[in-house]
Each structure stands twice: as structure tokens, then as C-alpha cells.
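As a plain string of letters, each chain reads:
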Amino acid sequence: MNPKLTALALLAVLPLTSCDKIKKILHKEKAETVAQAETTAATPTPVPTATPEPTPVAPTPTPRQTANKDAQVVVFCYHRFEGKNLGYLSIPPELFDQQMQQLKDAGITVIPMADFIAWKRGEKTIPVKSAVITIDDGYESGYAVAWPILKKYGYPFTVFIYTKFVSSGGKSITWEQLEEMRDAGIDIESHTETHPDLRKKGGKSPQAYDAWLTQELKGSKDELEQRLGIKIVALAFPYGGNNQHIRDIGKQAGYQFMFTVYGQKIAWSANNDMIGRYAVEFAKPEIYQTAVDWSGIVESGTASEVAQTDAPPSDVATQPKNGETVSDPSPVISADLSSYGDVTQTTVAMRVSGLGLVPATLDPKSKVLSYKPPTPLTDKSYTVIVTGKTTTGKVDLRWTFNFNPAGASAPAAPAAH
Ligand SMILES: [Zn+2]
């Protein structure tokens, strides 16, 4: 018999004053019952009030919900939490803490990878402004520093691990620590075996290259699954490096979601094989700020779907040109969209690698979309993506230019994969 019911039965039968002992024994049960009763009493009853407010009703679980396509997700990529002296990939713990607080303040909900995936599959509704937090490589500070901070905020997160690094000494996380994280419900996914740039063939024959790719991608998945007894569904490309061939091998290895480091807000329709993440560096605060800024967002969602194209169509003039090297640290970045017809300011968006969504302006007459970075460029290479909608179709442009303060050069041959 249910002990709670037994307790209630006893309470009903025994005069409360007659037996202190039983009262004491029952005290805890009673307290729970009272608490439940209070909860019940707190539930709104159909008594009319002066200001009737809609009561939030717990959603009824249904086998298949429809994903809300108005939501957008920012995916953060962190590495180490040991202070800036350890390089640009290591951020001070206090800064990480501040950024986590800022998500809360900005009304951005941190969701687990599982919810993100369910949403992408059309099975779940998520908050309109959502974030996924990921930590790459497998440094111990992810376990010892980031985890307690994330726990404080109640944020779920994912670690992308490259397996050869685990338990290798130094600052690496151990298999035991990963087991502890797994048991606490932390999502663990793959980041290859040895963290190579997967695009570098290193003189291998096509067959040897494919075998090597498969080993890096499937080997790490298998080891994580076997060591930890988990299911790996996601891969983060080291350095974000990928191309169609690598993504195909990744799919064959069983990855359903693959992540790069190209920061952009992820719409429901975004390509699952190259989901962009904002790689947060302490020296580039604008990356984080762009990620959490939801103003001026246009519905796009297709930015990553066109990323296989290396150059814009020849009838679109871009500045700088595809493959061009510029020496000006603040060049005007622009694309002539006149061939697309009726584009407007609110239906187009420009994204620049390392900067994310930028506030580009569209000249209504010339239909040139342009942007001048307010802070000097620092990276060697920049990829620009312009997406948008017209009444007859969509705008999907992508090109790359290089920055070298030492000197400019004419466009090189179109970039190859
Ligand atoms: Zn990495």
C-alpha cells in the first residue's frame, strides 16, 4: 500500500493528540501532504478576479510537436577557461561568468543539444531566442572551471572531445571526469581523434586520404561511444575546416549534425551538416556581442546551405573581389544586388566570418549592400555571406577575401576545396 495513503488513513483514524510518537513519524509525510495541498490551492480556480490573466498551462506532451520556425539559435564555442595568458582560446573565468549572466539578462534561453536537434528535426518547440553552449577539445578547465559556472546558472552544455587528447596528461580532461559529466547529463560529442585540419591531404592518395578521414571521424565516434556507453550524433570540425567531401564522409560515419566555427544565428532551415558557431575569444568581444544581439535579424536560415559555393555568381560585383587580398584594415565590403530585383534593407543580411551578422546598409537605388568594419580587420582571411529574399527567389552569396597589411594583391585563382 502507498505509505502516504497509510499515513493519511492513520491520521484520520487516530486522534492527533493521542499519540505523539505517531505524530512525529507522520510529521514528514504530513508536511508533504500539506505542501501538496497548498500547491493545489494555489492553482487558479474559476473565481472571477478584477484582472483575469491567462494562466500558464503546462504543455501536454504530445508524440510529435511541430517545431516553431520563428526561433533562432546561437551556438557558442568555447575552449579553455584559464585566463587570457594561455592564449586567445582561453578566457578568464570571470568573463565567462559575465557572459553567462548576460544571456540571462538578454532573455536568451540556453537549451540542451538534444532540444536543438529535436527542434531541427521538426519535433520540438524552443524559445524564440535560444542558445547552445559547446566547449571544444577537452581541456580540464571545461570540467573544473566552466562546469561549476554553468551549473550555477542551470545551463546545459555540450563538450566536443578529440579522443587522443583525453587522459593524455597536462591540462587534458580524463576519461573518469568525462564519465562524471556523462552521469550528470552533460552531452558529449566528437571532435575527431587527433584534431587535424581535415582538408589537408598531406600527399595521401585519394584512397589513403579517405581511409584517414574515416578513421578520424568514425574512430573518435566509436571510441567515445564504446568507452562511455553513449550515442554520438554530432561532430565539430577541428578549426571548422570542412568541405562537401568531408561532410559526406562525416555522414557515412553516422553524424547527423556537424558544426563549424562560422558564427551565425541558426534558423530552422539551416543546413545540419555545417552549423555555424560563435567562437568566443576574450580579445574579440564583438563576436560575443554580435551573437547575443537579436536586433535587425532578418529571416534567412539558408546562409550555411550555400556555403559550398566558393564564389558569387559572375553577374554580381563584390568588393573586395573573391580571392582578392586587401591591405586596408577597414575596407568597404559590398555586393551589388541589382540583378536580384526587389531586395530591400529588411530582407537581406550580410555576415562576415569572425564578426557574424553585421549592420550592412542597402542603397535603395543602386541595390548595393555595403558595410565598413568599425574596427580594423585582424584575420588573414574573411568569408562574406549575403542572404535574403526577393519576391521571386532568394539571395545566396558567398565569397572570400584576404587581409594582409603588408600589401594588396589581385584576386588569386578561385579558392578550391
Ligand atoms: Zn578544437
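The structure presented is a predicted model; accordingly, all values stated were derived computationally and were not measured. Numbering of residues starts from 1 in each chain and follows the order in which that chain's sequence is written. Where local features are concerned, this predicted model is filtered to residues with pLDDT of at least 70; where side-chain atom pairs are given and counted, the filter is 80 or more; whole-chain, interface and lining totals use all residues.

1. Details of the overall build of the protein
Then step 1. Along the backbone of the protein there are nine helices and 18 strands.
Then step 2. The buried share of the protein, taken over its 417 residues, is 35%.
Then step 3. The contact criterion used is a C-beta to C-beta distance within 7 Å, with each C-beta placed from the backbone. Across the protein, every contact between residues at least 6 apart in sequence was considered, and the portion connecting residues at least 24 apart equals 66%. In DSSP terms, a helix is any run of H or I states spanning at least four residues, a strand is any run of E spanning at least two, and both are numbered starting from the N terminus. Our exposure labels follow a C-beta count within 10 Å of each residue's own C-beta, placed from the backbone: buried means 20 or more other C-beta atoms, exposed means 12 or fewer, and partly exposed covers the counts in between.

2. Quick word on the sheet that holds strand 13 (residues 348–352)
Then step 1. Overall, mixed pairing links the five strands, which are arranged 11-18-17-13-14 in an open sheet. Either end of the sheet is taken by a strand with one partner, and the two such strands are strand 11 (325–326) and strand 14 (356–358).
Then step 2. In this sheet, strand 14 lies alongside strand 13 in antiparallel orientation, the contact comprising three bridges. Bridge assignment links Met350 to a residue of strand 14, and that residue is Val358. Being paired, for any two strands, means DSSP has found at least two bridges between them.

3. Points about the environment of Ala335
Then step 1. In this fold, Ala335 is placed in strand 12 (residues 333–336).
Then step 2. For Ala335 and Met350, which are 15 residues apart along the polypeptide, the C-alpha to C-alpha distance reads 9.4 Å.

4. A closer look at the packing of helix 3 (residues 93–105) against helix 5 (residues 140–153)
Then step 1. Interaxial distance between helix 3 and helix 5 falls to 10 Å at its minimum, and their mutual angle equals 25°. Taken together, the axes of helix 3 and helix 5 lie roughly parallel to each other. Handedness of the crossing formed by helix 3 with helix 5: right-handed. Only Val145, Ala146, Ile149, Leu150 and Tyr153 of helix 5 make contact with helix 3, whose side of the interface consists of Pro93, Phe96, Asp97, Met100 and Lys104.
Then step 2. In terms of residue class, the contact of helix 3 with helix 5 is built from eight nonpolar, no polar and two charged. With axes taken as lines fitted to C-alpha atoms, and helix axes fitted only over the stretch in contact, angles between N-to-C directions fall between 0 and 180 degrees. An angle counts as roughly parallel when it lies under 35 degrees, as roughly antiparallel when it exceeds 145, as roughly perpendicular when it falls between 65 and 115, and as oblique in every other case. Working rule for handedness: look at the near helix, and if it is turned counterclockwise from the far one by less than a right angle, call the crossing left-handed; if clockwise, right-handed. Three categories are distinguished: nonpolar for Ala, Val, Leu, Ile, Met, Phe, Trp, Tyr, Cys and Pro, charged for Asp, Glu, Lys and Arg, and polar for the others, with Gly belonging to the last.

5. Points about the sheet that holds strand 16 (residues 368–371)
Then step 1. Strand order in the open sheet formed by four strands is 10-12-16-15, with antiparallel pairing between adjacent strands. Edge positions in the sheet fall to strand 10 (318–319) and strand 15 (361–362), since each of these pairs with one other strand and no more.

6. Digging into the pairing of strand 12
Then step 1. With two bridges joining them, strand 10 and strand 12 adopt antiparallel strand pairing. Of the residues in strand 12, the one forming a bridge with Gln319 is Ser334.
Then step 2. In terms of strand pairing, strand 12 meets strand 16 through four bridges, oriented antiparallel. When the bridges of strand 16 are listed, Ile333 appears paired with Tyr371.

7. With respect to the confidence of the model for the protein
Then step 1. Looking at any residue, its pLDDT shows the predictor's confidence there, from 0 to 100. Across the protein, the average pLDDT comes to 81, with 77% of residues at or above 70.
Then step 2. Residue range residues 3–54 is modelled with pLDDT below 50. Its contacts to residues more than four positions away, or to other chains, number 14 contacts.
Then step 3. Contacts for the low-pLDDT stretch residues 412–417, under 50 throughout, to residues beyond four places or in other chains number twelve contacts.

8. A look at the nonpolar core
Then step 1. For this entry, the nonpolar core is defined as buried Ala, Val, Leu, Ile, Met, Phe, Trp, Tyr and Cys residues connected by C-beta atoms within 7 Å. Grouped together as the largest cluster of nonpolar side chains are 63 residues, with contacts concentrated most on Val75, Phe76 and Tyr278.
Then step 2. The leading source of residues in this core is strand 1 (residues 72–78), at six residues.
Then step 3. Contact partners of Tyr278, with chain neighbours within four places excluded, come to Val74, Val75, Phe76, Cys77, Gly263, Ile287, Tyr288, Ala291 and Gly356.
Then step 4. Of all hydrophobic cores here, the second largest spans 24 residues; its members include Ala335, Leu369, Val384 and Val395.

9. Topic: the packing of helix 7 (residues 206–228) against helix 8 (residues 244–252)
Then step 1. Contact pair helix 7 / helix 8: the axes reach a minimum separation of 9 Å and the direction vectors enclose 55°. Compared by their axis directions, helix 7 and helix 8 come out oblique. Crossing angle aside, the handedness with which helix 7 passes helix 8 is right-handed. Contact with helix 7, carried on its side by Asp210, Leu213, Thr214 and Leu217, involves Ile246, Ile249 and Gly250 of helix 8 and no other residues of that element.

10. What to know about helix 9 (residues 285–292)
Then step 1. Those residues of helix 9 that sit buried are Tyr288, Thr290 and Ala291. Axial view of helix 9: buried residues confined to an arc of 160°, hence all on one face.
Then step 2. Contacts made by the buried residues of helix 9 are with strand 1, helix 3, strand 9 (278–279) and strand 14. The reported arc concerns the directions from the helix axis to the C-beta atoms and nothing else.

11. Some points on unusual backbone geometry
Then step 1. Residue Pro320 is reached from Gln319 by a cis peptide bond, and omega for that bond is -10°.
Then step 2. Considering the arrangement of structural elements, one finds Pro320 in the loop between strand 10 and strand 11.
Then step 3. Phi is positive for Ser167, close to 55°, though the residue is something other than glycine.
Then step 4. Non-glycine residue His195 carries a positive phi angle of around 65°.
Then step 5. With respect to the secondary-structure elements, His195 resides in the loop between strand 5 (187–190) and helix 7.

12. Considering helix 7
One full turn of an α-helix is made of 3.6 residues, so residues set three or four places apart face in the same direction.
Then step 1. In this model, helix 7 (23 residues) spans 33 Å end to end at C-alpha, consistent with the 33 Å of a helix rising 1.5 Å per residue.
Then step 2. In this scheme, the bend at a residue equals the angle between the axes fitted to the seven residues that finish there and the seven that begin there. The largest bend in helix 7 is about 25°, located at Lys218.
Then step 3. Where helix 7 is concerned, the buried positions are Leu213, Glu216, Leu217, Lys218, Ser220, Lys221 and Leu224.
Then step 4. Summarising the contacts, the buried residues of helix 7 are in contact with strand 4 (158–161), strand 5, strand 6 (234–236) and helix 8. Expected helix span is taken as 1.5 Å per residue step, with the number of steps being one fewer than the number of residues.

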